[in-house]
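Results of the structural survey
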Amino acid sequence: MSDNWSVVGWQGVSLRAPSDWNLVAVSGEENKGYFRVDSPSSSAVEVRWEAAKQAPDLDAKADIFLDALGKTARKKRISFSSRVKSRKPTPAEEKYGGDSVGFTWKSDRSAYGRMLYCGYCKRLVVGQVVSEPKQDLSGLSAAILGSICEHADPGWNTWGLYDLQVPVPESLGLKRHSLMSSFVELEFAGRGERLLVQRWGLAANTLLKKTSFADWLANSYLRGIEGYRVVAASVEDPHEALAFEGRRSLLKFLLSTISRLRGKSMPRSVTGRAWYCEDSNRIYAVRHYHRGDSGLDPVLRDKIKCH
Amino acid sequence: MALRDRVAKYVPAVGRHSPLSREQTMAIAPIHNAQITWNRVEGGEISLSIPRRSDRLGRVIGRLFRVPDRKEILLDEVGSTVWEMCDGKHSIANIIAEMSNTYKLNRREAEVSVTTYIKILAERRLVGLVQRGGKSRHGRR
(Lines give C-alpha, C1' and ligand atoms only; values in the text may rest on other atoms or scores of the structure.)
Protein backbone atom coordinates (compact mmCIF):
# COMPACT_ATOMS: atom_id res chain seq x y z
CA MET A 1 0.00 0.00 0.00
CA SER A 2 2.79 2.43 0.85
CA ASP A 3 4.26 2.46 -2.67
CA ASN A 4 1.14 3.59 -4.46
CA TRP A 5 -0.17 5.74 -1.64
CA SER A 6 1.17 8.97 -0.31
CA VAL A 7 0.39 11.22 2.59
CA VAL A 8 -1.38 14.49 1.95
CA GLY A 9 -1.23 16.78 4.96
CA TRP A 10 -2.02 20.39 5.71
CA GLN A 11 -2.21 22.19 9.08
CA GLY A 12 -1.93 18.93 11.02
CA VAL A 13 -4.78 17.19 9.20
CA SER A 14 -3.49 14.37 7.06
CA LEU A 15 -4.71 11.40 5.11
CA ARG A 16 -3.36 8.75 2.82
CA ALA A 17 -4.49 8.81 -0.80
CA PRO A 18 -3.39 7.06 -4.00
CA SER A 19 -0.14 8.66 -5.12
CA ASP A 20 -1.64 9.98 -8.36
CA TRP A 21 -4.18 12.02 -6.36
CA ASN A 22 -2.95 15.53 -5.75
CA LEU A 23 -3.62 18.45 -3.45
CA VAL A 24 -5.35 21.12 -5.54
CA ALA A 25 -6.86 23.54 -3.03
CA VAL A 26 -6.05 24.72 0.48
CA SER A 27 -7.58 27.45 2.59
CA GLY A 28 -7.91 28.54 6.20
CA GLU A 29 -5.54 27.83 9.04
CA GLU A 30 -5.01 25.55 11.98
CA ASN A 31 -8.30 26.33 13.71
CA LYS A 32 -10.51 26.21 10.67
CA GLY A 33 -9.63 25.17 7.18
CA TYR A 34 -10.15 23.09 4.09
CA PHE A 35 -8.24 21.12 1.53
CA ARG A 36 -9.14 19.14 -1.55
CA VAL A 37 -7.28 16.32 -3.21
CA ASP A 38 -8.25 15.45 -6.80
CA SER A 39 -7.87 12.16 -8.58
CA PRO A 40 -6.78 12.08 -12.23
CA SER A 41 -10.44 11.41 -13.12
CA SER A 42 -13.41 13.19 -11.57
CA SER A 43 -13.19 11.90 -7.99
CA ALA A 44 -11.89 14.00 -5.13
CA VAL A 45 -11.44 14.02 -1.38
CA GLU A 46 -12.59 17.12 0.48
CA VAL A 47 -11.60 17.72 4.07
CA ARG A 48 -12.84 20.47 6.37
CA TRP A 49 -11.89 21.02 9.98
CA GLU A 50 -12.56 23.34 12.88
CA ALA A 51 -11.28 23.47 16.43
CA ALA A 52 -13.60 21.97 19.06
CA LYS A 53 -12.63 21.90 22.71
CA GLN A 54 -15.09 19.13 23.51
CA ALA A 55 -16.40 16.20 21.55
CA PRO A 56 -19.63 17.34 19.88
CA ASP A 57 -22.69 15.19 19.20
CA LEU A 58 -21.47 13.80 15.89
CA ASP A 59 -24.83 12.34 14.83
CA ALA A 60 -26.48 15.73 15.22
CA LYS A 61 -23.59 17.47 13.43
CA ALA A 62 -23.77 14.97 10.56
CA ASP A 63 -27.54 15.54 10.26
CA ILE A 64 -27.01 19.31 10.06
CA PHE A 65 -24.27 18.85 7.45
CA LEU A 66 -26.39 16.54 5.29
CA ASP A 67 -29.51 18.72 5.68
CA ALA A 68 -27.57 21.67 4.30
CA LEU A 69 -26.43 19.60 1.30
CA GLY A 70 -30.01 18.37 0.76
CA LYS A 71 -31.32 21.93 0.86
CA THR A 72 -28.86 23.03 -1.81
CA ALA A 73 -29.79 20.05 -4.00
CA ARG A 74 -33.53 20.76 -3.62
CA LYS A 75 -32.96 24.36 -4.71
CA LYS A 76 -31.37 23.00 -7.90
CA ARG A 77 -34.25 20.50 -8.22
CA ILE A 78 -31.91 17.54 -7.94
CA SER A 79 -32.90 14.43 -6.01
CA PHE A 80 -30.91 13.89 -2.83
CA SER A 81 -30.66 10.98 -0.45
CA SER A 82 -28.35 10.46 2.51
CA ARG A 83 -27.62 8.10 5.34
CA VAL A 84 -25.64 8.34 8.59
CA LYS A 85 -24.11 5.19 10.01
CA SER A 86 -21.89 4.30 12.93
CA ARG A 87 -18.28 3.27 12.31
CA LYS A 88 -15.82 1.02 14.04
CA PRO A 89 -13.28 3.15 15.92
CA THR A 90 -9.94 3.47 14.17
CA PRO A 91 -6.66 2.72 16.00
CA ALA A 92 -6.06 6.48 16.32
CA GLU A 93 -9.49 6.99 17.93
CA GLU A 94 -8.78 4.18 20.36
CA LYS A 95 -5.35 5.60 21.15
CA TYR A 96 -6.17 9.26 21.59
CA GLY A 97 -9.88 9.13 22.37
CA GLY A 98 -12.31 10.44 19.83
CA ASP A 99 -15.29 9.34 17.86
CA SER A 100 -16.55 9.25 14.31
CA VAL A 101 -19.64 8.58 12.24
CA GLY A 102 -19.84 7.61 8.62
CA PHE A 103 -22.25 8.98 6.06
CA THR A 104 -23.13 8.63 2.42
CA TRP A 105 -25.11 10.87 0.13
CA LYS A 106 -26.26 10.66 -3.44
CA SER A 107 -27.31 13.46 -5.74
CA ASP A 108 -25.85 14.48 -9.10
CA ARG A 109 -22.64 13.30 -7.41
CA SER A 110 -22.25 10.69 -4.70
CA ALA A 111 -20.04 10.62 -1.64
CA TYR A 112 -18.75 8.48 1.17
CA GLY A 113 -17.89 10.55 4.19
CA ARG A 114 -16.58 10.46 7.72
CA MET A 115 -17.14 13.04 10.43
CA LEU A 116 -14.80 12.69 13.34
CA TYR A 117 -13.68 14.36 16.51
CA CYS A 118 -9.93 13.89 16.94
CA GLY A 119 -8.98 13.51 20.59
CA TYR A 120 -5.33 14.34 19.77
CA CYS A 121 -5.65 17.61 17.88
CA LYS A 122 -9.07 18.56 19.35
CA ARG A 123 -10.68 19.22 16.02
CA LEU A 124 -13.92 18.31 14.33
CA VAL A 125 -13.01 16.99 10.87
CA VAL A 126 -15.31 16.17 7.97
CA GLY A 127 -13.86 14.20 5.10
CA GLN A 128 -15.70 12.97 2.05
CA VAL A 129 -14.75 11.16 -1.13
CA VAL A 130 -16.93 12.60 -3.89
CA SER A 131 -17.31 10.86 -7.24
CA GLU A 132 -19.69 10.28 -10.14
CA PRO A 133 -22.76 8.29 -9.00
CA LYS A 134 -21.84 5.42 -11.32
CA GLN A 135 -18.41 4.94 -9.75
CA ASP A 136 -18.10 2.53 -6.85
CA LEU A 137 -15.37 3.88 -4.62
CA SER A 138 -16.55 2.26 -1.39
CA GLY A 139 -13.32 0.28 -0.78
CA LEU A 140 -11.02 3.14 -1.71
CA SER A 141 -13.10 5.62 0.29
CA ALA A 142 -12.91 3.46 3.41
CA ALA A 143 -9.10 3.35 3.15
CA ILE A 144 -8.78 7.10 2.57
CA LEU A 145 -11.31 8.18 5.20
CA GLY A 146 -9.94 5.73 7.77
CA SER A 147 -6.51 7.36 7.47
CA ILE A 148 -7.66 10.89 8.37
CA CYS A 149 -5.93 12.24 11.50
CA GLU A 150 -3.80 9.18 12.25
CA HIS A 151 -1.16 11.21 14.11
CA ALA A 152 1.37 8.43 13.57
CA ASP A 153 4.26 10.62 14.74
CA PRO A 154 3.09 12.47 17.88
CA GLY A 155 4.64 15.90 18.30
CA TRP A 156 5.06 16.32 14.54
CA ASN A 157 2.63 17.48 11.87
CA THR A 158 3.03 15.94 8.45
CA TRP A 159 2.81 18.42 5.60
CA GLY A 160 2.37 16.50 2.39
CA LEU A 161 1.85 17.79 -1.13
CA TYR A 162 3.11 17.15 -4.67
CA ASP A 163 5.20 14.11 -3.60
CA LEU A 164 6.79 16.12 -0.79
CA GLN A 165 6.33 14.97 2.79
CA VAL A 166 7.75 17.12 5.54
CA PRO A 167 7.24 16.41 9.21
CA VAL A 168 7.38 19.65 11.18
CA PRO A 169 7.25 20.08 14.98
CA GLU A 170 3.76 20.98 16.13
CA SER A 171 5.14 24.07 17.86
CA LEU A 172 5.83 25.63 14.46
CA GLY A 173 2.90 27.07 12.53
CA LEU A 174 2.73 27.83 8.84
CA LYS A 175 3.68 31.44 8.22
CA ARG A 176 3.87 31.53 4.43
CA HIS A 177 3.63 29.13 1.55
CA SER A 178 4.24 29.12 -2.14
CA LEU A 179 2.90 26.24 -4.22
CA MET A 180 4.08 26.85 -7.74
CA SER A 181 4.72 24.47 -10.54
CA SER A 182 8.20 23.06 -9.97
CA PHE A 183 8.75 25.19 -6.86
CA VAL A 184 7.31 24.50 -3.42
CA GLU A 185 8.14 26.58 -0.37
CA LEU A 186 6.79 26.24 3.14
CA GLU A 187 7.84 28.63 5.88
CA PHE A 188 7.07 27.89 9.51
CA ALA A 189 7.56 30.03 12.60
CA GLY A 190 7.10 29.84 16.33
CA ARG A 191 8.85 30.64 19.63
CA GLY A 192 11.71 32.59 18.08
CA GLU A 193 12.35 29.95 15.43
CA ARG A 194 11.87 29.95 11.71
CA LEU A 195 11.97 26.95 9.41
CA LEU A 196 12.10 27.15 5.66
CA VAL A 197 11.58 24.10 3.47
CA GLN A 198 12.07 24.56 -0.27
CA ARG A 199 11.99 22.25 -3.25
CA TRP A 200 12.82 23.07 -6.85
CA GLY A 201 11.74 20.83 -9.69
CA LEU A 202 13.22 20.61 -13.19
CA ALA A 203 16.62 21.11 -11.57
CA ALA A 204 18.76 19.62 -14.32
CA ASN A 205 16.79 21.41 -17.04
CA THR A 206 16.69 24.89 -15.57
CA LEU A 207 18.71 25.76 -12.45
CA LEU A 208 21.61 23.42 -13.09
CA LYS A 209 21.61 23.61 -16.86
CA LYS A 210 24.60 25.91 -17.07
CA THR A 211 26.11 25.53 -13.62
CA SER A 212 26.98 22.88 -11.06
CA PHE A 213 24.99 22.26 -7.90
CA ALA A 214 27.84 23.56 -5.72
CA ASP A 215 28.10 26.77 -7.77
CA TRP A 216 24.35 27.31 -7.75
CA LEU A 217 24.33 26.96 -3.97
CA ALA A 218 27.22 29.34 -3.49
CA ASN A 219 26.04 31.95 -5.99
CA SER A 220 22.29 31.85 -5.56
CA TYR A 221 21.00 29.99 -2.55
CA LEU A 222 23.50 30.94 0.17
CA ARG A 223 23.54 34.58 -0.94
CA GLY A 224 19.86 34.72 -0.05
CA ILE A 225 20.68 34.17 3.62
CA GLU A 226 21.12 37.75 4.69
CA GLY A 227 22.44 39.02 7.99
CA TYR A 228 24.37 35.86 8.84
CA ARG A 229 27.97 34.88 8.30
CA VAL A 230 27.46 31.50 6.63
CA VAL A 231 29.99 28.70 6.26
CA ALA A 232 29.13 25.71 4.07
CA ALA A 233 30.69 22.28 3.64
CA SER A 234 29.75 19.12 1.80
CA VAL A 235 28.35 16.33 3.95
CA GLU A 236 27.86 12.60 3.65
CA ASP A 237 24.57 11.95 1.99
CA PRO A 238 23.20 9.57 -0.63
CA HIS A 239 23.06 12.63 -2.92
CA GLU A 240 25.32 15.58 -3.61
CA ALA A 241 24.66 17.59 -0.47
CA LEU A 242 25.88 20.51 1.51
CA ALA A 243 25.38 21.58 5.13
CA PHE A 244 25.71 25.18 6.23
CA GLU A 245 25.63 27.17 9.40
CA GLY A 246 25.80 30.80 10.20
CA ARG A 247 25.86 33.26 13.06
CA ARG A 248 24.46 36.73 13.12
CA SER A 249 26.98 39.40 12.29
CA LEU A 250 28.08 41.69 15.14
CA LEU A 251 25.93 44.60 14.04
CA LYS A 252 22.88 42.38 13.58
CA PHE A 253 23.63 40.73 16.92
CA LEU A 254 23.61 44.11 18.67
CA LEU A 255 20.36 45.06 16.94
CA SER A 256 18.83 41.73 17.92
CA THR A 257 19.90 42.31 21.54
CA ILE A 258 18.04 45.62 21.49
CA SER A 259 15.03 43.86 19.95
CA ARG A 260 15.19 41.23 22.68
CA LEU A 261 15.15 43.93 25.34
CA ARG A 262 12.01 45.23 23.67
CA GLY A 263 10.45 41.77 23.95
CA LYS A 264 11.20 40.47 20.49
CA SER A 265 13.55 37.53 20.30
CA MET A 266 15.63 37.04 17.17
CA PRO A 267 17.18 33.73 16.13
CA ARG A 268 20.94 33.78 16.70
CA SER A 269 21.90 30.95 14.39
CA VAL A 270 20.93 29.50 11.08
CA THR A 271 21.69 25.94 10.05
CA GLY A 272 20.56 24.02 7.05
CA ARG A 273 21.05 21.47 4.37
CA ALA A 274 20.56 21.35 0.66
CA TRP A 275 20.80 18.34 -1.60
CA TYR A 276 20.32 17.52 -5.24
CA CYS A 277 18.35 14.37 -5.92
CA GLU A 278 19.11 13.32 -9.49
CA ASP A 279 16.56 10.51 -9.32
CA SER A 280 13.70 12.97 -8.90
CA ASN A 281 15.44 15.87 -10.74
CA ARG A 282 14.84 18.09 -7.72
CA ILE A 283 16.79 20.23 -5.29
CA TYR A 284 15.72 20.22 -1.65
CA ALA A 285 16.73 22.74 0.97
CA VAL A 286 15.94 23.01 4.66
CA ARG A 287 16.92 26.14 6.56
CA HIS A 288 16.35 26.56 10.30
CA TYR A 289 16.78 29.84 12.17
CA HIS A 290 17.03 29.07 15.87
CA ARG A 291 18.51 30.11 19.19
CA GLY A 292 19.95 26.76 20.27
CA ASP A 293 23.19 25.04 19.30
CA SER A 294 21.72 22.53 16.87
CA GLY A 295 19.05 22.94 14.25
CA LEU A 296 16.33 20.71 12.93
CA ASP A 297 17.97 20.22 9.55
CA PRO A 298 19.71 16.85 10.18
CA VAL A 299 16.48 15.42 11.61
CA LEU A 300 14.44 16.71 8.69
CA ARG A 301 17.00 15.45 6.16
CA ASP A 302 16.44 11.96 7.57
CA LYS A 303 12.67 12.33 7.53
CA ILE A 304 12.26 13.80 4.05
CA LYS A 305 12.19 11.13 1.36
CA CYS A 306 13.24 12.68 -1.90
CA HIS A 307 12.64 9.78 -4.28
CA MET B 1 -34.95 31.47 -16.46
CA ALA B 2 -33.01 34.58 -17.40
CA LEU B 3 -34.10 36.55 -20.50
CA ARG B 4 -30.81 35.74 -22.19
CA ASP B 5 -31.39 32.00 -21.71
CA ARG B 6 -34.95 32.29 -23.11
CA VAL B 7 -33.71 34.11 -26.18
CA ALA B 8 -30.92 31.56 -26.55
CA LYS B 9 -33.53 28.85 -27.03
CA TYR B 10 -34.35 30.41 -30.39
CA VAL B 11 -31.06 32.18 -31.16
CA PRO B 12 -28.24 29.87 -30.02
CA ALA B 13 -25.53 32.47 -30.66
CA VAL B 14 -26.93 34.58 -27.80
CA GLY B 15 -26.59 31.76 -25.28
CA ARG B 16 -23.86 31.36 -22.73
CA HIS B 17 -21.12 28.94 -23.73
CA SER B 18 -20.95 26.18 -21.18
CA PRO B 19 -17.43 25.79 -19.84
CA LEU B 20 -15.57 22.70 -20.94
CA SER B 21 -15.38 19.81 -18.55
CA ARG B 22 -12.00 18.60 -17.38
CA GLU B 23 -12.17 15.59 -19.69
CA GLN B 24 -13.00 17.82 -22.67
CA THR B 25 -10.15 20.19 -21.81
CA MET B 26 -7.67 17.33 -21.53
CA ALA B 27 -8.77 16.00 -24.94
CA ILE B 28 -8.01 19.30 -26.71
CA ALA B 29 -5.10 19.09 -29.12
CA PRO B 30 -3.06 22.30 -29.57
CA ILE B 31 -1.75 22.96 -33.06
CA HIS B 32 0.85 25.47 -34.32
CA ASN B 33 -0.30 28.57 -36.09
CA ALA B 34 0.58 27.88 -39.72
CA GLN B 35 1.94 31.41 -40.21
CA ILE B 36 4.65 30.89 -37.64
CA THR B 37 7.89 29.34 -38.74
CA TRP B 38 10.18 27.69 -36.26
CA ASN B 39 13.52 25.96 -36.12
CA ARG B 40 15.91 24.42 -33.63
CA VAL B 41 18.85 26.54 -32.64
CA GLU B 42 22.13 25.54 -31.01
CA GLY B 43 21.46 23.99 -27.63
CA GLY B 44 18.30 22.27 -28.80
CA GLU B 45 15.91 25.12 -28.04
CA ILE B 46 13.29 26.26 -30.51
CA SER B 47 13.17 29.70 -32.05
CA LEU B 48 9.83 30.99 -33.32
CA SER B 49 9.56 33.54 -36.08
CA ILE B 50 6.26 35.42 -35.88
CA PRO B 51 5.13 37.68 -38.74
CA ARG B 52 3.96 41.20 -37.95
CA ARG B 53 0.19 41.57 -38.19
CA SER B 54 -0.73 42.35 -41.77
CA ASP B 55 -4.01 44.27 -41.34
CA ARG B 56 -4.22 48.01 -41.95
CA LEU B 57 -3.46 48.95 -38.32
CA GLY B 58 -0.49 46.59 -38.30
CA ARG B 59 0.87 48.13 -41.49
CA VAL B 60 0.45 51.69 -40.18
CA ILE B 61 2.07 50.93 -36.83
CA GLY B 62 4.80 49.00 -38.62
CA ARG B 63 5.61 52.02 -40.82
CA LEU B 64 5.41 54.54 -37.96
CA PHE B 65 7.54 52.68 -35.47
CA ARG B 66 9.66 50.70 -37.94
CA VAL B 67 8.54 47.39 -36.49
CA PRO B 68 10.44 44.52 -38.12
CA ASP B 69 8.48 42.22 -40.40
CA ARG B 70 9.03 39.25 -38.10
CA LYS B 71 9.52 38.88 -34.38
CA GLU B 72 11.76 36.15 -32.96
CA ILE B 73 10.98 34.32 -29.73
CA LEU B 74 13.40 31.83 -28.21
CA LEU B 75 11.71 29.11 -26.15
CA ASP B 76 13.53 27.42 -23.29
CA GLU B 77 14.11 23.67 -23.16
CA VAL B 78 10.82 22.83 -21.47
CA GLY B 79 8.84 25.25 -23.64
CA SER B 80 10.45 23.76 -26.74
CA THR B 81 9.35 20.27 -25.74
CA VAL B 82 5.75 21.45 -25.34
CA TRP B 83 5.90 23.41 -28.61
CA GLU B 84 7.07 20.36 -30.52
CA MET B 85 4.12 18.38 -29.23
CA CYS B 86 1.62 21.04 -30.31
CA ASP B 87 1.11 19.29 -33.63
CA GLY B 88 -2.62 18.69 -33.51
CA LYS B 89 -2.05 15.01 -32.80
CA HIS B 90 -1.12 15.16 -29.11
CA SER B 91 -3.86 16.09 -26.69
CA ILE B 92 -3.17 18.20 -23.61
CA ALA B 93 -3.40 15.00 -21.54
CA ASN B 94 -0.69 13.41 -23.73
CA ILE B 95 1.56 16.45 -23.35
CA ILE B 96 1.10 16.45 -19.56
CA ALA B 97 1.95 12.74 -19.34
CA GLU B 98 5.02 13.22 -21.52
CA MET B 99 6.24 16.22 -19.50
CA SER B 100 5.66 14.38 -16.25
CA ASN B 101 7.73 11.41 -17.46
CA THR B 102 10.49 13.34 -19.16
CA TYR B 103 11.11 15.92 -16.46
CA LYS B 104 10.05 13.81 -13.45
CA LEU B 105 7.39 16.28 -12.49
CA ASN B 106 4.48 15.46 -10.25
CA ARG B 107 1.35 15.04 -12.40
CA ARG B 108 -0.32 18.07 -10.86
CA GLU B 109 2.78 20.23 -11.34
CA ALA B 110 2.99 19.14 -14.96
CA GLU B 111 -0.71 19.79 -15.47
CA VAL B 112 -0.56 23.31 -14.05
CA SER B 113 2.54 24.30 -16.00
CA VAL B 114 1.43 22.77 -19.31
CA THR B 115 -2.12 24.18 -19.22
CA THR B 116 -0.85 27.64 -18.21
CA TYR B 117 1.78 27.59 -20.94
CA ILE B 118 -0.65 26.45 -23.63
CA LYS B 119 -3.14 29.10 -22.49
CA ILE B 120 -0.44 31.77 -22.96
CA LEU B 121 0.47 30.38 -26.40
CA ALA B 122 -3.21 30.38 -27.37
CA GLU B 123 -3.78 33.94 -26.08
CA ARG B 124 -0.84 35.14 -28.17
CA ARG B 125 -2.30 33.19 -31.10
CA LEU B 126 0.79 31.08 -31.48
CA VAL B 127 -1.26 27.91 -31.29
CA GLY B 128 -4.86 27.00 -32.01
CA LEU B 129 -6.85 24.62 -29.85
CA VAL B 130 -8.65 21.82 -31.63
CA GLN B 131 -11.35 19.95 -29.81
CA ARG B 132 -11.57 16.30 -30.72
CA GLY B 133 -14.11 16.30 -33.51
CA GLY B 134 -12.32 19.09 -35.35
CA LYS B 135 -13.83 22.24 -33.85
CA SER B 136 -11.30 25.03 -33.33
CA ARG B 137 -11.62 26.95 -30.07
CA HIS B 138 -8.97 29.60 -30.33
CA GLY B 139 -6.00 31.07 -32.05
CA ARG B 140 -6.97 31.93 -35.62
CA ARG B 141 -4.87 34.62 -37.15
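Conventions we followed
- Residues numbered from 1 in each chain as written.
- Chains lettered and ligands numbered in written order.
- Predicted model: local features only at pLDDT ≥ 70, side-chain atom pairs only at ≥ 80, totals over all residues.
- Heavy atoms only, no water.
- Pairing = 2+ DSSP bridges.
- Helix = DSSP H or I, 4+ residues; strand = E, 2+ residues; numbered from the N terminus.
- Axes fitted to C-alpha atoms, helices over the stretch in contact; angles between N-to-C directions.
- Domains from an automatic or database assignment.
- Contact = heavy atoms within 4.5 Å.
- Buried area = accessible area lost by both parts, 1.4 Å probe.
- Polar contact = N/O pair within 3.5 Å; in protein donor to acceptor, adjacent residues only side chain to side chain.
- Salt bridge = Lys/Arg side-chain N within 4 Å of Asp/Glu carboxyl O.
- Buried < 20%, exposed > 50% of the residue type's maximum accessible area, 1.4 Å probe, protein only.

**Considering the sheet that holds strand S13 (residues 183-190) of chain A**
All names here are of chain A. The seven strands lie next to each other as S12-S13-S14-S18-S17-S16-S15, forming an open sheet whose pairing is antiparallel. With partners counted over all chains shown, the strands left at the sheet margins are strand S12 (173-180) and strand S15 (228-234), one partner each. Neighbour to neighbour, the strand axes of the sheet diverge by 10 degrees on average, direction disregarded. Note: strand S16 (residues 240-248) against strand S17 (residues 269-277), eight bridges, orientation antiparallel. Its bridge partner being in S17, glutamate 245 is matched across the sheet by threonine 271.

**Side note on the domain arrangement of chain A**
Residues and elements named next belong to chain A. With domains assigned, chain A is organised as domain 1 (5-146) and domain 2 (161-303). Its C-alpha centre places domain 1 at a distance of 34 Å from the equivalent point of domain 2. The partner domain 2 presents eight residues to the eight residues of domain 1 that form the contact. Between domain 1 and domain 2, the buried area comes to about 750 Å², and carbon and sulfur atoms account for 56% of it. A per-residue breakdown of the area domain 1 buries against domain 2 is headed by Val7, Trp10 and Leu23, which together make up 52% of the total.

**Here's the deal with the side chain of His32(B)**
All names here are of chain B. As for its position among the elements, histidine 32 is in strand S1 (residues 29-32). Only 2.6 Å separates the side chain of histidine 32 from the backbone oxygen of tryptophan 83, close enough to count as a polar contact. Here the side chain of histidine 32 touches cysteine 86 through a polar contact of 3.0 Å, landing on its backbone oxygen. Among residues more than four places away in sequence, those in contact with histidine 32 are Trp38, Trp83, Cys86, Leu126 and Val127.

**A look at the sheet that holds strand S2 (residues 37-40) of chain B**
Residues and elements named next belong to chain B. As summarised here, the arrangement of the three strands in space is S2-S3-S4, forming an open sheet in which the pairing is antiparallel. Here the strands that pair on one side only, and so sit at the sheet edges, are S2 and strand S4 (70-74). Neighbour-to-neighbour, the strand axes of the sheet open up by a mean angle of 20 degrees, direction not taken into account. Relative to S4, strand S3 (residues 46-51) is paired through five bridges, and the arrangement is antiparallel. When the sheet's bridge partners are listed, serine 49 is paired in S4 with glutamate 72. Against the sheet, helix H4 (residues 77-85) touches S2 and S3, its axis set at about 65 degrees to S3.

**So, the interface of chain B and chain A**
Across the contact, 14 residues belong to chain B and 24 residues belong to chain A. The junction of chain B with chain A conceals about 1500 Å² of combined surface from both sides, 44% of it contributed by carbon and sulfur atoms. Taken as a group, Lys104(B), Arg108(B) and Glu109(B) account for 36% of the area that chain B buries against chain A, more than any other trio of residues on that side. Lys209(A) is the partner of Glu77(B) in a salt bridge, and the nearest nitrogen-oxygen pair spans 3.3 Å. Between the two partners, chain B and chain A, sit 15 residue pairs in polar contact (both at pLDDT 80 or more). Of all the elements in the fold, those that place two or more residues in the side of chain B that touches chain A are helix H2 (22-27), H4 and helix H6 (107-123) of chain B.

**Comments concerning the pattern of salt bridges**
Residue and element names in this part refer to chain B. The full count for this structure, using the stated rule, is 22 salt bridges over all chains. The partner of arginine 40 in a salt bridge is glutamate 84, with the nearest N and O atoms 2.6 Å apart. Here arginine 40 is found in strand S2, whereas its partner glutamate 84 is found in helix H4, with 44 residues between them in sequence. Judged by its relative accessible area of 42%, arginine 40 falls in the partly exposed class. You can call glutamate 84 partly exposed: its relative accessible area is 36%.

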